[in-house]
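# Architecture at a glance
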Amino acid sequence: MRLAEIGEFNLIERIRRVFETAGSEVLGIGDDCAVWDLDRDHVQLATTDLLIENRHFLRQAISPRDLGHKSLAVNLSDIAAMGGTPTAAFLSIGLPGDLEVAWWDDCFDGIRALSESSGCPLLGGDTTRSHGDIVINFAVLGTAEKSRVKYRSGAKPGDVIAVTGCLGDSAGGLRLLLDNDPLEMDDHRALVNVHHRPVPHLKEGRWLAGHPEVHAMLDVSDGVDSDIRHVMKASSVGAEIDLDRLPVSDRLGRTAAQMGWAVEELAVAGGEDYVLLCTVAASAFDRLANGFQEEFNRPLYAIGTMTGSHQRSYRRGGNVTALKSAGFDHFGAP
Ligand code: ADP
Ligand code: MG
């Protein structure tokens, strides 16, 4: 049996079984961050993410500055998903010996800028020579108020499923890069920019965490189709997603029409949007969405409902419909 046959999530499950933390004070493998008690009122958060050249990025397609930004941003997004505040970052890198020093300086400048703007200083790491590919791994620590931290496991049947931003822009940008688009149009450059410079929703995460009617939260890294299954599994519930309500940016709508893409598949199955997905008590949703609009000057988008069925289904025009593609699995079929 090979890894590609069992897939990323089964591999993680095999790892998790050996280090089961159920019943202890520590939440280990299974949420966006590990969580343990810091003091009476606060928890410690910890997360790590790895970027490998030609798997997560193409050196000739992304600027070193953007790559530096993205490598830290994806970790901050996991802190945001718990409703936390980042406190420290550790950076481990594998770099080929023939890499230009100027390339690294630009990459590190992207890291420095985001570290500063998010208040998350670099406190250590590890450096090694690689055979050829660039490898960048961050580990980020954070804190959250114990009474406010949000898990994937809190969703209840009847909850409204909501996201904090548009879906599919990043996948659209990636598609343009893979299709060798000349990026002459503003829309196309903007989509690639979303793919290369994701914005971690730290303020949104903390704001949502301050509301007890928000029951569960995670960040959308693999795509709604895949990530909603993590909420379903952790909360023992089902989900119904309304394809007509997926928030799609005007630039993605225009580009999809122009290129003949199925926009809702990009929105629901494309990864790396790094918006937050939360589930909210239905009776409180309108009030929460109004508050969100006031605070952030943009909507909290309702995209579906949690159900008691343990199934994931899609609706279009009120009818149940099937969806072909699934979210990203690192060992799945290409
Ligand atoms: P995310 O997309 O939020 O970073 P992942 O899907 O990568 O989450 O990981 C899911 C969970 O599995 C997380 O809790 C993560 O810490 C854990 N995990 C992933 N890979 C490993 C590993 N190699 N060893 C231990 N835990 C892992
Ligand atoms: Mg995550």
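Throughout what follows, the structure given in this document is the object of discussion. Because the structure is a prediction, the values reported are computed rather than measured.

Cut-offs used in this document
Residues numbered from 1 in each chain as written. Chains lettered and ligands numbered in written order. Predicted model: local features only at pLDDT ≥ 70, side-chain atom pairs only at ≥ 80, totals over all residues. Heavy atoms only, no water. Salt bridge = Lys/Arg side-chain N within 4 Å of Asp/Glu carboxyl O. Helix = DSSP H or I, 4+ residues; strand = E, 2+ residues; numbered from the N terminus. Buried < 20%, exposed > 50% of the residue type's maximum accessible area, 1.4 Å probe, protein only. Near = heavy atom within 4 Å. Polar contact = N/O pair within 3.5 Å; in protein donor to acceptor, adjacent residues only side chain to side chain. Areas by Shrake-Rupley, 256 points an atom, 1.4 Å probe, with all protein chains shown as cover.

### As for the pattern of salt bridges
Enumeration according to the criterion identifies 23 salt bridges in this entry. Put simply, Asp 32 and Arg 152 hold a salt bridge, and the shortest N to O gap is 2.9 Å. Here Asp 32, found in the loop between helix 1 (3-18) and strand 1 (34-37), pairs with Arg 152, found in the loop between strand 5 (135-145) and strand 6 (160-163); they are 120 residues apart in sequence, far enough to count as distant. No difference in accessibility class separates Asp 32 from Arg 152, as the two residues are buried. Linking Asp 225 and Arg 229 is a salt bridge whose minimum nitrogen-to-oxygen distance equals 2.8 Å. With Asp 225 and Arg 229 both in helix 7 (residues 224-235) and four residues apart, the pair spans about one turn of that helix. You can call Arg 229 partly exposed: its relative accessible area is 35%. Connected through salt bridges with shared partners, the residues Glu 13, Arg 16, Glu 20 and Lys 233 form a single ionic network.

### Side note on unusual backbone geometry
Leave glycine aside and you will find that most residues have negative phi; peptide bonds, for their part, are mostly trans. Despite not being glycine, Asn 54 shows a phi value in the positive range, around 70°. Looking at where Asn 54 falls in the secondary structure, it is placed in the loop between strand 2 (42-52) and helix 2 (64-81).

### So, the site of ligand 1
Around ligand 1 sit Ile 12, Ile 15, Ile 29, Gly 30, Asp 31, Asp 32, Asp 49, Asp 78, Arg 152 and Ser 221, and those are all the residues in its vicinity. Take Arg 152: an N or O atom from its side chain is 3.3 Å from an oxygen atom of ligand 1. When ligand 1 sits alone it has 550 Å² of accessible area, and the protein chains cover 64% of it.

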